[in-house]
Amino acid sequence: MVDLAGAADLGQEHIDVAAVLGQIVDDAQASAAAEIGYPGATDLDHRPVMDRLGHRLWNNIGDPGDVGGVANTRVLERAVVAWVADLLAMPTNDRWGYVTTGGTEGNLAALYAARRRYRGARVFFSQAAHYSIPKLVRVLGAHGVLVRADERGEMDYDDLAAQLRRRRRSPAIVVATAGTTLTEAVDDTDRIRDLLAEHPAGGHLHVDAALSGIPLALDGRLRLDDAAGIGSIAISGHKFFGTPVPCGVVLVRDNVRTRGKPIAYTGTSDTTISGSRCGLATALLWHSIAVQGREGHRWRAVRARELAAYAVEQITAVGWRAWRHDHAMTVVLDTPPAEVLDQHTLATDGAESHLICMPGITRTQIDAFVTDLAIAAHRPTVPRPRTPADPLRLTTTY
Ligand SMILES: Cc1ncc(COP(=O)(O)O)c(C=O)c1O
């Protein structure tokens, strides 16, 4: 066992590099079985890409549609963007997108484009929106409007309507979430589209679909066709696709997207938020799609939801409150006792926690969690040792 903090100190004369790297891998492996609170799938084998491409730089600098520049994986990026856009039924003549560093960059690229298209737009987002949204509103120097969410995490459309009415003269950008971080709630984009259609100053509907974008698209429940009225979407790549490198995909209607300047020395147009972009991540996404296809991914989503339903059944069977949305891989439960949280890594927000049955999580892991929860929940509370009464009541304070 290496003392990581000491061994990794770069100010030392000698660093045992192998020992430090080995310890980091060992630590990650030791905690992996107990990690049931994170939304990263772990069932896919990415070694064919890591082994062959993981040893050099793949820099997809510039617009994915450009063919200039250095060796890169932009040809794979175009394939990934086209596959995701097709899955979402996005019109072929009105689509554009690229592979991002993750959901946050996707949200930024979409909101940036929408703000340039709708000058002075207010950005409406719900209380259950991811923390990146209010942060990006600040980054863009925009005016944000917080909309209520219900106790299961879905946007309150009456409140949205009221907030829109109060700002009739400004264009509106509404951020819907498809899979909120804590409960995996999905906002109703049809209702939001209808409210936006009545908004006199017009606006844009963006969907933050970091977690649930791909599973919902595979169900046909999330579409970006003309009827949907959705202008942009951001999806994470390391969540459902489980890539071992953070990444994502952003798609924007071509009529909204940001037109970039041609940059002479890169030989490409500057249309993306990041300049240098990770071509390895693109290859990993491409590989996951090429190997699994729609059917493989649909099956993964079905299995994950079945396991989530099983988890709710088992947790409630031991007398603990748990629930999930019908489409969800996320199970929401009352926060377990501390001794359970010490052994199983959940995501906890005060009185509520969640576990996520991402592809790769097994029944064995759920069963181990439920066993520990049942023991802790039914352990009789140990009576506190009685302190003998203080006859003079000198030490008692009220
Ligand atoms: C709803 C939602 N949006 C955005 C993000 C941010 O994604 P990333 O961490 O890939 O930037 C997350 C991450 O958990 C999320 O749950």
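Up top you'll find the structure we're talking about.
This structure is a prediction, so every number in the text was calculated from the model and none was measured.

**Re the state of the cysteines**
Tallied over the full model, the rule gives zero disulfides. With no disulfide partner, Cys247 has as its closest neighbouring cysteine sulfur the one in Cys278, 7.7 Å distant. On the basis of relative accessible area, Cys247 is assigned to the buried category, the value being 0%.

**Some points on the pairing of strand β13 (residues 352-356)**
Judged by how many residues are buried, β13 sits mostly within the fold: four of five residues are covered. As paired strands, strand β11 (residues 330-334) and β13 are joined by five bridges and run antiparallel to one another. Bridge assignment links Val331 to a residue of β13, and that residue is Leu355. Here three bridges tie strand β12 (residues 347-349) to β13, and the two strands are oriented antiparallel to one another. Within β13, the residue paired with Asp349 across the bridge is Glu352. Hairpin connection from β12 to β13: two residues lie between these consecutive antiparallel strands, with Gly350 at a positive phi of about 65 degrees.

**Observations regarding the packing of helix α5 (residues 103-117) against helix α6 (residues 132-139)**
Between two packed helices, the angle of one axis relative to the other and the distance separating the axes together describe the packing. Following both chains from N to C, one finds α5 and α6 inclined at 45 degrees, their axes separated by 10 Å at the closest point. When the axis of α5 is compared with that of α6, the two are oblique. In this structure, the crossing between α5 and α6 has a hand that is right-handed. Judged by residue contacts, Thr104, Asn107, Leu108 and Leu111 of α5 engage Ser132, Ile133, Leu136 and Val139 from α6. Considered class by class, the residues forming the contact of α5 with α6 number five nonpolar, three polar and no charged.

**Considering helix α4 (residues 74-87)**
Look at α4: 20 Å from first C-alpha to last across 14 residues, which is about the 20 Å you get at 1.5 Å a residue. For α4, the complete set of buried residues consists of Arg74, Leu76, Glu77, Val80, Val81, Trp83, Val84, Ala85 and Leu87. Where α4 is buried, its residues contact β1 (96-100), α9 (213-219), β6 (232-236), β7 (248-252), β9 (268-269) and α10 (279-317). Phi for Ala89, located one or two positions after α4, is positive at around 55 degrees.

**Some details on the pairing of strand β5 (residues 203-208)**
Across the six residues of β5, five count as buried, placing the element largely inside the fold. The pairing of strand β4 (residues 172-177) with β5 spans six bridges and is parallel. Residue pairing across strands places Ile173 opposite His204, the latter belonging to β5. This β-α-β element, β4 to helix α8 (residues 189-197) to β5, shows right-handed connectivity. Pairing geometry for β5 and β6, over three bridges, is parallel. What sits directly across from Val207, in β6, is Ile233.

The rules we used
- Every chain is numbered on its own, with residues counted from 1 as its sequence reads.
- The predicted origin of the model limits local features to residues at a pLDDT of at least 70 and limits the giving and counting of side-chain atom pairs to 80 or more, whereas totals for whole chains, interfaces and linings rest on all residues.
- In computing side-chain values, all of the structure's heavy atoms are included and hydrogens and water are not.
- Note that a disulfide, as used here, is simply two cysteine sulfur atoms within 2.5 Å.
- A 1.4 Å probe rolled over the protein chains alone gives each residue an accessible area, and that area as a share of the maximum for its type sets the label: buried under 20%, exposed over 50%, partly exposed in between.
- Helix and strand labels come from DSSP, where a helix needs a run of H or I of at least four residues and a strand needs a run of E of at least two; each type is numbered from the N terminus.
- Think of it this way: DSSP has to see at least two bridges between two strands before they count as a pair.
- Note on geometry: axes are lines fitted to C-alpha atoms, helical ones only across the stretch in contact, with angles between N-to-C directions running from 0 to 180 degrees.
- Oblique is the label for any angle not covered by the other classes, which are roughly parallel (under 35 degrees), roughly antiparallel (over 145) and roughly perpendicular (65 to 115).
- Helix crossings fall into two classes, left-handed where the near helix is turned counterclockwise from the far one by less than a right angle and right-handed where it is turned clockwise.
- Any two residues having at least one pair of non-hydrogen atoms within 4.5 Å are treated as being in contact.
- Polar here means any residue other than Ala, Val, Leu, Ile, Met, Phe, Trp, Tyr, Cys and Pro, which are nonpolar, and Asp, Glu, Lys and Arg, which are charged; Gly is therefore polar.
- Under the convention used throughout, the expected extent of a helix is 1.5 Å for every residue step, that is, one less than its residue count.
- Crossovers are described as right-handed under a simple rule: with the strands pointing away from the observer, the path leading from the first strand over the helix to the second runs clockwise.

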